[in-house]
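Residues per chain are reported as follows:
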Amino acid sequence: MTDADADEILDDLFSVIKQRKADLPEDSYTASLFTHEKGENAVLEKLGEETTELVLAAKDDDHEEIAHESADIVYHLLVLLAMKDMELEDLRDELAERR
């Protein structure tokens, strides 16, 4: 996978997340995070949960589970960015500054 492919995957995922936020389809897990009674706390709790699971997977040196939990963290982070009306470019800019 090239860097361009990875960027496209993130861009596509973020577009779907923003679309779910706008449309709020009833059968969408993503949409449910935007309408959850706990508000943003639901996403924040998921980020905490997934981070704990990632740490445990790393401790067990379980590469498959590390990849799985990392993907969960990235997904929920993108939901949080959309919830805060931020763009993926905000994250990219911050990461670029840290190079």
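As a starting point, this report considers the structure included with it. Residue positions are given per chain, counting from 1 as you read along its sequence in written order. Totals for whole chains, interfaces and linings use all residues, but because this is a predicted model, local features are given only for residues with pLDDT of at least 70 and pairs of side-chain atoms are given and counted only at 80 or more. Here the side-chain values reflect all heavy atoms present in the structure, with hydrogen atoms and water set aside.

**Structural notes on the overall build of the protein chain**
Here is step 1: Scanning the protein chain from terminus to terminus reveals 5 helices and 0 strands.
Here is step 2: Secondary structure is summarised from DSSP: a helix means a run of H or I of at least four residues, a strand means a run of E of at least two, and numbering begins at the N terminus for each. Ordered by position from the N terminus, the helices and strands of the protein chain form the series α-α-α-α-α.
Here is step 3: Taking the principal axes of its C-alpha atoms as reference, the protein chain extends roughly 40 × 30 × 25 Å.
Here is step 4: Three exposure classes are used, based on accessible area relative to the maximum for each residue type with a 1.4 Å probe and protein chains only: buried under 20%, partly exposed in between, and exposed over 50%. Looking at the protein chain as a whole, 24% of its 99 residues qualify as buried.
Here is step 5: Taking the contacts inside the protein chain whose residues are at least 6 apart along the sequence as the reference set, 60% of them involve residues at least 24 apart.
Here is step 6: Per-residue and other accessible areas were derived by the Shrake-Rupley procedure at a 1.4 Å probe size, with only the shown protein chains allowed to occlude residues. Put simply, the protein chain shows about 6,900 Å² of open surface, and 52% of that area lies on carbon and sulfur atoms.
Here is step 7: Of the side-chain charges in the protein chain, 10 are positive and 29 negative, and the distance between the mean point of each set is 5 Å. Note on contacts: a residue pair is in contact if any heavy atoms of the two residues lie within 4.5 Å. In this count, Lys and Arg are taken as positive residues and Asp and Glu as negative ones, while His and the chain termini are left out. Here the site of a charge means atom NZ of a Lys, CZ of an Arg, CG of an Asp or CD of a Glu.

**Structural notes on the environment of Ser 70**
Here is step 1: By the element assignment, Ser 70 lies in helix H4 (residues 63-83).
Here is step 2: Exposure remark for Ser 70: the relative accessible area of 28% places this residue in the partly exposed category.
Here is step 3: Measuring from C-alpha to C-alpha, the distance between Ser 70 and Asp 60 comes to 15 Å, with 10 residues separating the pair along the chain.

**Observations regarding helix H3 (residues 40-59)**
Here is step 1: In a regular helix each residue adds 1.5 Å, so 20 residues correspond to 28 Å; H3 covers 29 Å between its end C-alpha atoms and thus fits that length.
Here is step 2: In this fold, the buried residues of H3 make contact with helix H2 (29-35) and H4.
Here is step 3: With its phi angle positive at about 55°, Asp 61 sits one or two positions after the end of H3. Expected helix span is taken as 1.5 Å per residue step, with the number of steps being one fewer than the number of residues.

**Regarding a negative patch on the surface**
Here is step 1: On the surface, Glu 53, Asp 60, Asp 61, Asp 62, Glu 64 and Glu 65 cluster together into a negatively charged patch.
Here is step 2: Tracing the backbone shows Asp 62 in the loop between H3 and H4. A patch consists of residues exposed above 30% relative accessible area that lack any salt bridge, with like charges linked at up to 9 Å and nonpolar side chains (Val, Leu, Ile, Met, Phe, Trp, Tyr) linked at up to 5 Å. One speaks of a salt bridge when a side-chain nitrogen belonging to Lys or Arg is within 4 Å of a carboxyl oxygen belonging to Asp or Glu.

**Comments concerning the environment of Glu 64**
Here is step 1: For Glu 64, the location among the structural elements is in helix H4.
Here is step 2: Once the C-alpha coordinates of Glu 64 and Asp 11 are considered, the two residues, 53 residues apart in sequence, prove to be 23 Å apart.

**Brief notes about the nonpolar core**
Here is step 1: The definition of a nonpolar core used throughout is a set of buried Ala, Val, Leu, Ile, Met, Phe, Trp, Tyr and Cys residues joined through side-chain atoms within 4.5 Å. Phe 14, Ile 17, Phe 34, Val 43, Leu 78 and Val 79 are the most contacted members of the largest nonpolar core, which has 15 residues in total.
Here is step 2: Per-element accounting of this core gives the leading share, 8 residues, to H4.

**Focus on the environment of Arg 99**
Here is step 1: The topology assignment puts Arg 99 in the segment after helix H5 (88-97).
Here is step 2: Residue classification places Arg 99 among the exposed residues on the basis of a relative accessible area of 87%.
Here is step 3: In this structure the C-alpha to C-alpha distance between Arg 99 and His 36, which are 63 residues apart in sequence, comes to 36 Å.

**Considerations on the pattern of salt bridges**
Here is step 1: Evaluated as defined, the whole model comprises 10 salt bridges.
Here is step 2: A salt bridge links Glu 45 to Lys 38, with the shortest nitrogen-to-oxygen separation between them at 2.9 Å.
Here is step 3: Of the residues examined, Glu 45 reaches a relative accessible area of 43% and is grouped as partly exposed.
Here is step 4: Across the pair Lys 46 and Glu 49 runs a salt bridge whose closest N-O atoms are separated by 3.2 Å. With Lys 46 and Glu 49 both in helix H3, this residue pair falls 3 residues apart, about one helical turn.
Here is step 5: When salt bridges that share partners are traced, they join Asp 7, Asp 11, Glu 89 and Arg 92 into one network.

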